[in-house]
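# Understanding the architecture of this molecule
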Amino acid sequence: MRRAGRHGRQAPEGSPMETGVGQELGTPEPPGVEGIPAPRPPRTRPRLVFHTQLAHGSPTGCIEGFTNVKELYAKIAEVFSISPTEILFCTLNTHKVDMQKLLGGQIGLEDFIFAHVRGETKEVEVTKTEDALGLTITDNGAGYAFIKRIKEGSIINRIQTVCVGDSIEAINDHTIVGCRHYEVARMLRELPRAQPFTLRLVQPKKAFDMIGQRTRSSKSPGDGRAASGKETLRLRVQGPAMLEERPSPFEEEAARRVDDLLESYMGIRDSELASTMVEAAKESPSVAQLAHSLDSVLGEFAFPQEFVAEVWAAVCHPKEGQE
């Protein structure tokens, strides 16, 4: 498998993406006949196969042939005979609702995927006594926005039934399924103060007696392992998946800082969006150029100018951008 640069390479069109063994190096070609070179044997394309389980417990399945998040969910659903709309989000290498291990824009070639599916539905009434509810929203890239963080001491933190990992299905009976996380965050910010509203939430299905399914065994070779390869499969909301080199420590730290800024300014977290903004900032010689670049590809976010300036400083002048 040819090693990709930072910008990656597209998986061969029309072929499944699988992880496995390609053609062995140094395999001799068959001799030609009467001086005519024999045709080269067809190159065996690399396979990208990932192991997966339902987070609340299931046998281990294998998936391949997906190029984006929606196709990934469809493949997982096919393995376990469920609807793709049952999947709320996925975590990597843990069955727990661990927001630090969310499947975002990149999957290591040895990562084990756990799918968290719909559990119980609940409704809570909230009165907005402050401007901020204390929620950080993210989404799964396939139509579901969910709670990634709850700020201590906040309005939502005082409502014990609201938990990290809960998917927000409706606000005041207005369904928000299909909305992006920034749209949901905007709706919540714009709710009037002192007026009660209702959230309809769906919590991930919880494990009971099937914990043993997740222990490491020969049947689940990737369970619990951190990725050790240097390449990742980068999934995009639009466009095909790409094989890329793992981000450098600088890029990872810059993306973390930008993700923190997204939470501070917009109440969302999105590792793929943060990585995209880091790439744009690295190629922008000035704040004005970065603002133009972001507006051309991410105009729907309507980033404020002061936010763009902080992103540029965090990536291009990290010491000045740090507190």
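All values derive from a computational prediction rather than experimental measurement.

Calculation criteria
Residues numbered from 1 in each chain as written. Predicted model: local features only at pLDDT ≥ 70, side-chain atom pairs only at ≥ 80, totals over all residues. Heavy atoms only, no water. Phe/Tyr/Trp six-rings, centres within 6.5 Å; stacked < 30°, edge-to-face > 60°. Helix = DSSP H or I, 4+ residues; strand = E, 2+ residues; numbered from the N terminus. Buried < 20%, exposed > 50% of the residue type's maximum accessible area, 1.4 Å probe, protein only. Pairing = 2+ DSSP bridges.

## Remarks on the packing of aromatic side chains
What the rule picks out here adds up to seven aromatic pairs. Judged by centre distance (5.2 Å) and plane angle (65 degrees), the ring pair of Tyr265 and Phe307 falls under edge-to-face. Residue Tyr265 is located in helix H3 (residues 249–266), and its partner Phe307 is located in helix H6 (residues 305–316); the two are separated by 42 residues in the primary sequence. Residue classification places Tyr265 among the partly exposed residues on the basis of a relative accessible area of 27%. Cluster of aromatic residues (ring-pair linked, three or more members): Tyr182, Tyr265, Phe301, Phe303 and Phe307.

## Some remarks on the pairing of strand E6 (residues 113–127)
Relative to E6, strand E2 (residues 50–54) runs parallel, the two being bridged by three bridges. Bridge pairing links Thr52 to Ile113 in E6. When strand E4 (residues 87–92) meets E6, the two strands line up antiparallel, connected through five bridges. Residue Leu92 lies in a different strand from E6, and its bridge partner there is Ile113. As paired strands, E6 and strand E11 (residues 196–204) are joined by eight bridges and run antiparallel to one another. Counterpart to Glu123 in the pairing with E11 is Arg200.

## So, the pairing of E11
Examined bridge by bridge, strand E9 (residues 167–171) and E11 share four bridges and lie antiparallel to one another. Its bridge partner being in E11, Ala170 is matched across the sheet by Arg200.

Function cannot be read off these values alone, since they describe shape.
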